[in-house]
Amino acid sequence: MTATRLGTPGADGPGAAGADSGGTGAVGGRSSSVPADGVWADVVGQEAAVSQFRRAASPEGSLAQAWLVTGPPGSGRSTAARAFAATLQCEQASGCGRCRACRTTLAGTHPDVTVVATDKLSIAKEEVRALVMTAQRSPATGRHRVVIVEDADRMTAGTFNVLLKSIEEPPPSTVWMLCAPSAEDLAPTIRSRCRLVTLSVPSSAVVAELLQRRDGVDEDLAVRAARAAQGHIGLALRYATQQGALAAREESARTLLSLRGAGQAVLAAQALVDRATAEAKEHADLVAVEEKQRFLRSAGIEDGKVPPSLRSQVRQLEEDAKRRQTRLVRDVLDRYLLDAHSVLRDVLSRQLGTGSELVNIDVAPEIERTAAQVSGQITLGLLEAVQGARERISGNVPPLLAIEALLARIAVSLR
Ligand SMILES: [Zn+2]
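Residues numbered from 1 in each chain as written. Predicted model: local features only at pLDDT ≥ 70, side-chain atom pairs only at ≥ 80, totals over all residues. Heavy atoms only, no water.

Could you give an account of unusual backbone geometry, with specific residues and numbers?
In this structure, A93 takes a positive phi of about 55° despite not being glycine. Mapped onto the fold, A93 is located in the loop between helix 2 (77–89) and helix 3 (100–107). Given the relative accessible area of 40%, A93 is considered partly exposed. Positive phi, close to 75°, is recorded for N396, a residue that is not glycine. Along the chain, the position of N396 falls in the loop between helix 14 (376–394) and helix 15 (399–414). Residue classification places N396 among the exposed residues on the basis of a relative accessible area of 57%. (Helix = DSSP H or I, 4+ residues; strand = E, 2+ residues; numbered from the N terminus. Buried < 20%, exposed > 50% of the residue type's maximum accessible area, 1.4 Å probe, protein only.)

This is the structure in C-alpha coordinates:
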(Lines give C-alpha, C1' and ligand atoms only; values in the text may rest on other atoms or scores of the structure.)
Protein backbone atom coordinates (compact mmCIF):
# COMPACT_ATOMS: atom_id res chain seq x y z
CA MET A 1 0.00 0.00 0.00
CA THR A 2 1.49 3.30 -0.96
CA ALA A 3 -1.24 5.87 -0.57
CA THR A 4 -3.61 5.72 2.34
CA ARG A 5 -6.71 7.67 1.60
CA LEU A 6 -8.73 8.36 4.69
CA GLY A 7 -11.77 9.47 2.85
CA THR A 8 -11.17 10.63 -0.64
CA PRO A 9 -10.06 14.16 -1.11
CA GLY A 10 -10.74 15.19 -4.64
CA ALA A 11 -7.73 17.12 -5.75
CA ASP A 12 -9.98 20.07 -5.21
CA GLY A 13 -13.24 19.60 -3.41
CA PRO A 14 -15.57 22.44 -2.58
CA GLY A 15 -13.82 22.82 0.73
CA ALA A 16 -10.79 24.02 -1.10
CA ALA A 17 -10.35 27.01 1.17
CA GLY A 18 -10.10 24.75 4.16
CA ALA A 19 -8.16 21.88 2.75
CA ASP A 20 -4.72 22.17 1.36
CA SER A 21 -5.30 21.12 -2.17
CA GLY A 22 -2.60 23.35 -3.52
CA GLY A 23 -1.18 22.24 -6.76
CA THR A 24 -1.81 18.54 -6.71
CA GLY A 25 -2.80 18.91 -10.31
CA ALA A 26 -6.29 17.56 -10.89
CA VAL A 27 -6.65 18.35 -14.52
CA GLY A 28 -4.85 16.89 -17.44
CA GLY A 29 -2.00 15.48 -15.37
CA ARG A 30 1.60 16.38 -15.79
CA SER A 31 2.88 17.41 -19.15
CA SER A 32 5.41 15.06 -20.68
CA SER A 33 8.17 17.63 -20.90
CA VAL A 34 9.82 17.93 -17.52
CA PRO A 35 10.80 21.50 -16.65
CA ALA A 36 14.30 22.36 -15.58
CA ASP A 37 13.57 22.28 -11.85
CA GLY A 38 12.62 18.61 -11.86
CA VAL A 39 10.33 17.66 -9.00
CA TRP A 40 10.31 21.22 -7.65
CA ALA A 41 8.82 22.77 -10.78
CA ASP A 42 5.28 22.88 -9.37
CA VAL A 43 6.27 24.21 -5.96
CA VAL A 44 5.81 27.82 -6.99
CA GLY A 45 6.61 31.01 -5.12
CA GLN A 46 8.43 29.16 -2.29
CA GLU A 47 12.09 29.82 -3.02
CA ALA A 48 13.21 29.85 0.62
CA ALA A 49 11.45 26.61 1.49
CA VAL A 50 12.68 24.86 -1.64
CA SER A 51 16.29 25.75 -0.97
CA GLN A 52 15.91 24.61 2.65
CA PHE A 53 14.61 21.23 1.47
CA ARG A 54 17.24 20.91 -1.22
CA ARG A 55 20.04 21.64 1.21
CA ALA A 56 18.73 19.03 3.63
CA ALA A 57 18.50 16.39 0.90
CA SER A 58 21.97 17.08 -0.47
CA PRO A 59 24.85 14.80 0.63
CA GLU A 60 26.34 17.65 2.68
CA GLY A 61 23.03 18.49 4.32
CA SER A 62 21.75 17.17 7.60
CA LEU A 63 18.55 15.28 7.06
CA ALA A 64 16.01 15.74 9.85
CA GLN A 65 13.76 12.73 10.29
CA ALA A 66 10.67 14.67 11.21
CA TRP A 67 9.46 17.71 9.31
CA LEU A 68 6.60 20.06 9.81
CA VAL A 69 5.51 21.88 6.66
CA THR A 70 3.22 24.78 7.43
CA GLY A 71 1.53 27.32 5.22
CA PRO A 72 -1.90 28.75 4.46
CA PRO A 73 -4.44 26.55 2.67
CA GLY A 74 -3.65 26.16 -1.00
CA SER A 75 -0.03 27.27 -0.67
CA GLY A 76 1.10 23.82 -1.76
CA ARG A 77 2.13 22.09 1.48
CA SER A 78 1.49 18.60 0.20
CA THR A 79 3.03 19.35 -3.20
CA ALA A 80 6.19 20.50 -1.42
CA ALA A 81 6.19 17.43 0.84
CA ARG A 82 5.88 15.11 -2.15
CA ALA A 83 8.65 16.92 -4.02
CA PHE A 84 10.90 16.51 -1.01
CA ALA A 85 10.02 12.81 -0.78
CA ALA A 86 10.86 12.44 -4.47
CA THR A 87 14.19 14.19 -3.95
CA LEU A 88 15.01 11.76 -1.14
CA GLN A 89 14.14 8.76 -3.31
CA CYS A 90 15.61 10.09 -6.58
CA GLU A 91 18.07 7.77 -8.29
CA GLN A 92 20.23 10.79 -9.14
CA ALA A 93 19.81 12.11 -5.57
CA SER A 94 18.73 15.41 -7.11
CA GLY A 95 14.96 15.27 -7.58
CA CYS A 96 15.56 15.05 -11.32
CA GLY A 97 11.89 14.47 -12.09
CA ARG A 98 12.76 11.92 -14.77
CA CYS A 99 13.87 8.76 -12.99
CA ARG A 100 11.43 6.07 -11.94
CA ALA A 101 11.70 6.94 -8.24
CA CYS A 102 10.86 10.61 -8.89
CA ARG A 103 7.96 9.80 -11.17
CA THR A 104 6.38 7.16 -8.96
CA THR A 105 6.72 9.35 -5.87
CA LEU A 106 4.96 12.26 -7.56
CA ALA A 107 2.31 9.92 -8.94
CA GLY A 108 1.68 8.47 -5.48
CA THR A 109 2.73 4.93 -6.36
CA HIS A 110 6.22 4.67 -4.85
CA PRO A 111 6.18 1.67 -2.49
CA ASP A 112 8.18 3.47 0.19
CA VAL A 113 6.22 6.72 0.23
CA THR A 114 2.94 6.73 2.11
CA VAL A 115 0.64 9.72 1.81
CA VAL A 116 -2.23 10.21 4.21
CA ALA A 117 -4.90 12.62 3.07
CA THR A 118 -8.25 13.05 4.67
CA ASP A 119 -11.62 14.66 4.21
CA LYS A 120 -12.65 13.66 7.68
CA LEU A 121 -12.88 15.95 10.66
CA SER A 122 -10.23 14.01 12.49
CA ILE A 123 -7.67 11.27 11.97
CA ALA A 124 -8.42 8.34 14.27
CA LYS A 125 -5.98 6.74 16.62
CA GLU A 126 -6.11 3.36 14.84
CA GLU A 127 -5.19 5.03 11.59
CA VAL A 128 -2.17 6.67 13.16
CA ARG A 129 -1.19 3.35 14.77
CA ALA A 130 -1.18 1.72 11.34
CA LEU A 131 1.01 4.55 10.05
CA VAL A 132 3.45 4.14 12.89
CA MET A 133 3.74 0.45 11.96
CA THR A 134 4.45 1.42 8.36
CA ALA A 135 7.06 3.89 9.50
CA GLN A 136 8.86 1.13 11.41
CA ARG A 137 9.48 -0.91 8.28
CA SER A 138 12.67 -0.46 6.30
CA PRO A 139 12.28 0.77 2.74
CA ALA A 140 11.57 -1.87 0.10
CA THR A 141 13.31 -0.27 -2.85
CA GLY A 142 14.18 3.32 -2.03
CA ARG A 143 16.76 4.87 0.26
CA HIS A 144 14.14 6.12 2.67
CA ARG A 145 10.71 5.33 3.94
CA VAL A 146 8.70 8.54 3.85
CA VAL A 147 5.37 9.04 5.58
CA ILE A 148 3.48 12.21 4.63
CA VAL A 149 0.47 13.29 6.70
CA GLU A 150 -1.28 16.00 4.71
CA ASP A 151 -3.61 17.20 7.44
CA ALA A 152 -1.64 16.58 10.60
CA ASP A 153 -3.75 19.22 12.34
CA ARG A 154 -6.66 16.79 12.19
CA MET A 155 -5.02 14.34 14.53
CA THR A 156 -6.75 14.43 17.89
CA ALA A 157 -4.84 15.05 21.11
CA GLY A 158 -4.86 11.33 21.96
CA THR A 159 -3.34 10.52 18.60
CA PHE A 160 -0.35 12.75 19.15
CA ASN A 161 0.89 10.37 21.83
CA VAL A 162 0.71 7.42 19.46
CA LEU A 163 2.83 9.35 17.00
CA LEU A 164 5.27 10.83 19.46
CA LYS A 165 7.48 7.81 20.06
CA SER A 166 7.89 7.12 16.36
CA ILE A 167 8.80 10.72 15.70
CA GLU A 168 11.25 10.81 18.60
CA GLU A 169 13.12 7.68 17.61
CA PRO A 170 12.32 6.67 14.07
CA PRO A 171 14.27 3.89 12.33
CA PRO A 172 17.33 5.37 10.61
CA SER A 173 15.87 5.52 7.12
CA THR A 174 12.39 6.80 8.02
CA VAL A 175 11.35 10.40 7.39
CA TRP A 176 8.08 11.83 8.70
CA MET A 177 6.51 14.83 6.99
CA LEU A 178 3.62 16.48 8.76
CA CYS A 179 1.66 19.23 7.01
CA ALA A 180 -0.55 21.73 8.81
CA PRO A 181 -1.74 25.34 8.44
CA SER A 182 0.47 26.50 11.31
CA ALA A 183 2.86 25.04 13.89
CA GLU A 184 0.34 25.89 16.63
CA ASP A 185 -2.02 23.31 15.16
CA LEU A 186 0.11 20.52 16.57
CA ALA A 187 0.89 19.60 20.16
CA PRO A 188 4.08 21.27 21.42
CA THR A 189 5.59 17.83 22.09
CA ILE A 190 5.28 16.98 18.41
CA ARG A 191 6.29 20.27 16.87
CA SER A 192 9.36 20.64 19.06
CA ARG A 193 10.70 17.44 17.47
CA CYS A 194 10.14 18.54 13.90
CA ARG A 195 12.17 20.76 11.65
CA LEU A 196 9.90 23.56 10.55
CA VAL A 197 9.44 24.72 6.96
CA THR A 198 7.09 27.62 6.40
CA LEU A 199 5.45 28.24 3.06
CA SER A 200 4.11 31.65 2.13
CA VAL A 201 1.12 32.67 0.03
CA PRO A 202 2.28 32.47 -3.59
CA SER A 203 1.69 35.60 -5.65
CA SER A 204 -1.15 35.51 -8.15
CA ALA A 205 1.40 35.99 -10.94
CA VAL A 206 3.22 32.73 -10.17
CA VAL A 207 -0.08 30.88 -9.68
CA ALA A 208 -1.29 32.12 -13.09
CA GLU A 209 1.98 30.99 -14.65
CA LEU A 210 1.57 27.54 -13.06
CA LEU A 211 -1.98 27.16 -14.38
CA GLN A 212 -0.80 27.95 -17.89
CA ARG A 213 2.25 25.70 -17.81
CA ARG A 214 0.93 22.75 -15.85
CA ASP A 215 -2.75 22.72 -16.68
CA GLY A 216 -2.83 24.34 -20.11
CA VAL A 217 -5.18 27.14 -19.03
CA ASP A 218 -5.10 30.12 -21.36
CA GLU A 219 -3.48 33.29 -20.13
CA ASP A 220 -6.45 35.57 -19.60
CA LEU A 221 -8.43 32.96 -17.67
CA ALA A 222 -5.36 31.91 -15.68
CA VAL A 223 -4.76 35.50 -14.57
CA ARG A 224 -8.38 36.08 -13.55
CA ALA A 225 -8.64 32.73 -11.75
CA ALA A 226 -5.34 33.20 -9.92
CA ARG A 227 -6.28 36.68 -8.80
CA ALA A 228 -9.71 35.59 -7.58
CA ALA A 229 -8.16 32.69 -5.67
CA GLN A 230 -5.72 35.01 -3.86
CA GLY A 231 -2.80 32.62 -3.81
CA HIS A 232 -4.80 29.42 -3.24
CA ILE A 233 -3.49 27.16 -5.97
CA GLY A 234 -6.20 24.49 -5.82
CA LEU A 235 -8.94 27.09 -5.81
CA ALA A 236 -7.37 28.91 -8.75
CA LEU A 237 -7.39 25.67 -10.70
CA ARG A 238 -11.03 25.19 -9.83
CA TYR A 239 -11.95 28.70 -10.96
CA ALA A 240 -10.06 28.12 -14.18
CA THR A 241 -11.54 24.75 -15.01
CA GLN A 242 -14.99 24.56 -13.49
CA GLN A 243 -17.71 26.00 -15.64
CA GLY A 244 -19.43 28.94 -13.99
CA ALA A 245 -17.28 29.01 -10.85
CA LEU A 246 -15.76 32.43 -11.58
CA ALA A 247 -19.09 33.85 -12.70
CA ALA A 248 -20.77 32.67 -9.47
CA ARG A 249 -18.05 34.36 -7.48
CA GLU A 250 -18.58 37.65 -9.32
CA GLU A 251 -22.31 37.39 -8.83
CA SER A 252 -21.83 36.99 -5.07
CA ALA A 253 -19.59 40.05 -5.00
CA ARG A 254 -22.27 42.11 -6.77
CA THR A 255 -24.96 40.87 -4.41
CA LEU A 256 -22.83 41.78 -1.43
CA LEU A 257 -22.33 45.36 -2.58
CA SER A 258 -25.96 45.84 -3.53
CA LEU A 259 -27.48 44.68 -0.23
CA ARG A 260 -29.93 47.26 1.11
CA GLY A 261 -32.01 46.62 4.20
CA ALA A 262 -32.31 43.75 6.65
CA GLY A 263 -34.96 41.87 4.67
CA GLN A 264 -32.63 41.48 1.71
CA ALA A 265 -29.82 40.43 4.02
CA VAL A 266 -31.88 37.63 5.55
CA LEU A 267 -32.81 36.30 2.11
CA ALA A 268 -29.25 36.55 0.85
CA ALA A 269 -27.92 34.72 3.92
CA GLN A 270 -30.36 31.88 3.42
CA ALA A 271 -29.43 31.65 -0.27
CA LEU A 272 -25.73 31.58 0.58
CA VAL A 273 -26.10 28.81 3.16
CA ASP A 274 -28.32 26.82 0.80
CA ARG A 275 -25.74 27.14 -1.94
CA ALA A 276 -22.92 26.07 0.37
CA THR A 277 -24.95 23.10 1.57
CA ALA A 278 -25.76 22.00 -1.97
CA GLU A 279 -22.15 22.38 -3.06
CA ALA A 280 -20.88 20.43 -0.05
CA LYS A 281 -23.51 17.73 -0.42
CA GLU A 282 -22.77 17.20 -4.07
CA HIS A 283 -19.10 16.66 -3.31
CA ALA A 284 -19.71 14.56 -0.20
CA ASP A 285 -22.22 12.31 -1.99
CA LEU A 286 -19.80 11.69 -4.79
CA VAL A 287 -17.05 10.74 -2.39
CA ALA A 288 -19.41 8.57 -0.31
CA VAL A 289 -20.52 6.57 -3.35
CA GLU A 290 -16.93 6.04 -4.47
CA GLU A 291 -15.91 5.02 -1.00
CA LYS A 292 -18.70 2.51 -0.60
CA GLN A 293 -17.99 1.00 -4.01
CA ARG A 294 -14.33 0.68 -3.20
CA PHE A 295 -15.13 -0.96 0.12
CA LEU A 296 -17.54 -3.45 -1.46
CA ARG A 297 -15.07 -4.26 -4.20
CA SER A 298 -12.31 -4.87 -1.69
CA ALA A 299 -14.68 -7.20 0.18
CA GLY A 300 -15.32 -9.07 -3.07
CA ILE A 301 -18.97 -8.04 -3.34
CA GLU A 302 -20.10 -7.53 -6.93
CA ASP A 303 -23.89 -7.39 -6.72
CA GLY A 304 -24.12 -4.56 -4.19
CA LYS A 305 -25.84 -6.76 -1.57
CA VAL A 306 -24.15 -6.20 1.76
CA PRO A 307 -24.00 -9.31 3.93
CA PRO A 308 -25.00 -8.82 7.62
CA SER A 309 -21.40 -9.27 8.75
CA LEU A 310 -20.33 -6.13 6.90
CA ARG A 311 -23.31 -3.90 7.63
CA SER A 312 -21.80 -2.14 10.59
CA GLN A 313 -18.73 -1.22 8.55
CA VAL A 314 -20.89 0.18 5.78
CA ARG A 315 -22.88 2.13 8.36
CA GLN A 316 -19.62 3.52 9.72
CA LEU A 317 -18.66 4.69 6.23
CA GLU A 318 -22.00 6.43 5.87
CA GLU A 319 -21.65 8.17 9.22
CA ASP A 320 -18.17 9.35 8.26
CA ALA A 321 -19.61 10.77 5.05
CA LYS A 322 -22.19 12.75 7.01
CA ARG A 323 -19.60 14.22 9.33
CA ARG A 324 -17.50 15.13 6.36
CA GLN A 325 -20.39 16.99 4.80
CA THR A 326 -20.87 19.08 7.94
CA ARG A 327 -17.28 20.19 7.78
CA LEU A 328 -17.47 20.83 4.07
CA VAL A 329 -20.42 23.21 4.49
CA ARG A 330 -18.33 25.24 6.92
CA ASP A 331 -15.33 25.15 4.60
CA VAL A 332 -17.39 26.34 1.65
CA LEU A 333 -18.92 29.14 3.71
CA ASP A 334 -15.49 30.14 4.88
CA ARG A 335 -14.42 30.43 1.28
CA TYR A 336 -17.44 32.66 0.57
CA LEU A 337 -16.50 34.82 3.51
CA LEU A 338 -12.92 35.09 2.28
CA ASP A 339 -14.36 36.25 -1.04
CA ALA A 340 -16.50 38.84 0.75
CA HIS A 341 -13.40 39.95 2.63
CA SER A 342 -11.50 40.42 -0.61
CA VAL A 343 -14.33 42.55 -2.06
CA LEU A 344 -14.38 44.84 0.98
CA ARG A 345 -10.59 45.03 0.96
CA ASP A 346 -10.77 46.15 -2.65
CA VAL A 347 -13.24 48.85 -1.57
CA LEU A 348 -10.88 49.95 1.19
CA SER A 349 -7.87 50.02 -1.11
CA ARG A 350 -9.81 52.38 -3.43
CA GLN A 351 -10.81 54.56 -0.49
CA LEU A 352 -7.23 54.79 0.73
CA GLY A 353 -5.93 55.26 -2.79
CA THR A 354 -3.26 52.60 -2.33
CA GLY A 355 -3.13 52.02 -6.07
CA SER A 356 -2.90 48.26 -5.56
CA GLU A 357 -4.43 45.88 -8.05
CA LEU A 358 -8.04 44.87 -7.40
CA VAL A 359 -8.66 41.20 -6.62
CA ASN A 360 -12.17 41.48 -8.03
CA ILE A 361 -11.48 43.26 -11.31
CA ASP A 362 -14.74 42.11 -12.83
CA VAL A 363 -16.79 44.05 -10.31
CA ALA A 364 -14.60 47.14 -10.41
CA PRO A 365 -17.50 49.53 -11.18
CA GLU A 366 -19.47 48.37 -8.12
CA ILE A 367 -16.33 48.58 -5.99
CA GLU A 368 -15.63 52.16 -7.12
CA ARG A 369 -19.21 53.16 -6.43
CA THR A 370 -19.21 51.70 -2.92
CA ALA A 371 -15.83 53.28 -2.21
CA ALA A 372 -17.29 56.68 -2.99
CA GLN A 373 -20.47 56.07 -0.98
CA VAL A 374 -19.17 55.16 2.46
CA SER A 375 -16.17 56.08 4.59
CA GLY A 376 -13.03 54.00 5.03
CA GLN A 377 -13.93 53.77 8.70
CA ILE A 378 -17.12 51.92 7.82
CA THR A 379 -15.32 49.57 5.45
CA LEU A 380 -12.77 48.76 8.15
CA GLY A 381 -15.58 47.91 10.54
CA LEU A 382 -17.13 45.61 7.94
CA LEU A 383 -13.82 43.85 7.33
CA GLU A 384 -13.63 43.14 11.04
CA ALA A 385 -17.20 41.89 10.98
CA VAL A 386 -16.32 39.40 8.24
CA GLN A 387 -13.43 38.07 10.32
CA GLY A 388 -15.75 37.87 13.30
CA ALA A 389 -18.24 35.81 11.29
CA ARG A 390 -15.50 33.43 10.18
CA GLU A 391 -14.42 32.92 13.77
CA ARG A 392 -17.97 32.40 14.95
CA ILE A 393 -18.62 29.78 12.28
CA SER A 394 -15.42 27.91 13.04
CA GLY A 395 -16.41 28.15 16.72
CA ASN A 396 -19.62 26.25 15.94
CA VAL A 397 -22.15 29.09 15.91
CA PRO A 398 -24.92 27.96 13.49
CA PRO A 399 -23.67 29.25 10.13
CA LEU A 400 -27.00 30.79 9.10
CA LEU A 401 -27.09 32.93 12.25
CA ALA A 402 -23.55 34.20 11.76
CA ILE A 403 -24.04 34.97 8.07
CA GLU A 404 -27.38 36.70 8.65
CA ALA A 405 -25.89 38.96 11.29
CA LEU A 406 -22.97 39.81 9.00
CA LEU A 407 -25.04 40.55 5.93
CA ALA A 408 -27.55 42.62 7.93
CA ARG A 409 -24.66 44.71 9.22
CA ILE A 410 -23.28 45.17 5.70
CA ALA A 411 -26.74 46.05 4.35
CA VAL A 412 -27.28 48.71 7.02
CA SER A 413 -23.79 50.16 6.58
CA LEU A 414 -24.03 50.48 2.82
CA ARG A 415 -27.50 51.98 2.82
ZN1 LIG B 1 14.97 11.43 -9.99
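So, the pairing of strand 5 (residues 174–180): which residues are in play, and what are the values?
Counting buried positions along strand 5 yields seven of seven residues, so the element is predominantly enclosed. Along strand 5, one buried face is formed by T174, W176, L178 and A180 and the opposite face, lined by V175, M177 and C179, is buried too. Taken together, the five bridges between strand 2 (residues 66–70) and strand 5 define a ladder with parallel strand orientation. Within strand 5, the residue paired with A66 across the bridge is W176. Relative to strand 5, strand 4 (residues 145–149) is paired through five bridges, and the arrangement is parallel. Considered in strand 5, the bridge of V147 is made with W176. Crossover connection from strand 4 via helix 5 (residues 157–168) to parallel strand 5: handedness right-handed. (Pairing = 2+ DSSP bridges. Right-handed = clockwise from strand over helix to strand, strands pointing away.)

Tell me about empty space enclosed by the protein, and name the residues and values.
If you roll a probe as big as a water molecule over the atoms, it shows you where there is empty space left. For the structure on display, the rule yields one cavity of 30 Å³ or more. By volume, the largest cavity is sized at about 80 Å³. As for the largest cavity, its lining consists of R224, A228, L246, R249, E250, A253, V359, N360, I361, D362 and V363. Elements with a contribution of two residues or more to the lining of the largest cavity: helix 8 (219–229) and helix 10 (245–258). The greatest single-element share of the lining of the largest cavity, amounting to four residues, is contributed by helix 10. Considering only residue class, the lining of the largest cavity consists of six nonpolar, one polar and four charged. (1 Å grid on protein atoms, 1.4 Å probe; cavity = no way out; pocket = protein on both sides within 12 Å on 5 of 7 lines; lining within 4 Å. Points joined across faces, edges and corners; volume = space filled by probe spheres on them. Nonpolar A, V, L, I, M, F, W, Y, C, P; charged D, E, K, R; others polar.)

Pulling in residues and values, what's your account of the pairing of strand 3 (residues 113–118)?
When you tally the buried positions in strand 3, you get six out of six residues, the bulk of the element. Residues V113, V115 and A117 point to one face of strand 3 and T114, V116 and T118 to the other, with burial holding for every one of them. Examined bridge by bridge, strand 3 and strand 4 share four bridges and lie parallel to one another. By the bridge assignment, V115 is partnered in strand 4 with I148.

Please give an account of the coordination of the zinc ion that cites residues and values.
Protein coordination of the zinc ion is provided by C90 (SG), C96 (SG), C99 (SG) and C102 (SG), with donor distances spanning 2.3 Å. Between the four donor atoms coordinating the zinc ion, the angles at the centre fall across 104 to 118°, so the site counts as tetrahedral. For the zinc ion, all donor residues lie on one chain, and their spacing in sequence is C-x5-C-x2-C-x2-C. Classification of C96 by relative accessible area gives buried; the value is 8%. (Donors = N, O, S within 2.8 Å, 3.2 Å for Na, K, Ca; no water. Tetrahedral: all angles 85-135°; square planar, octahedral: opposite > 155°, others 65-115°.)

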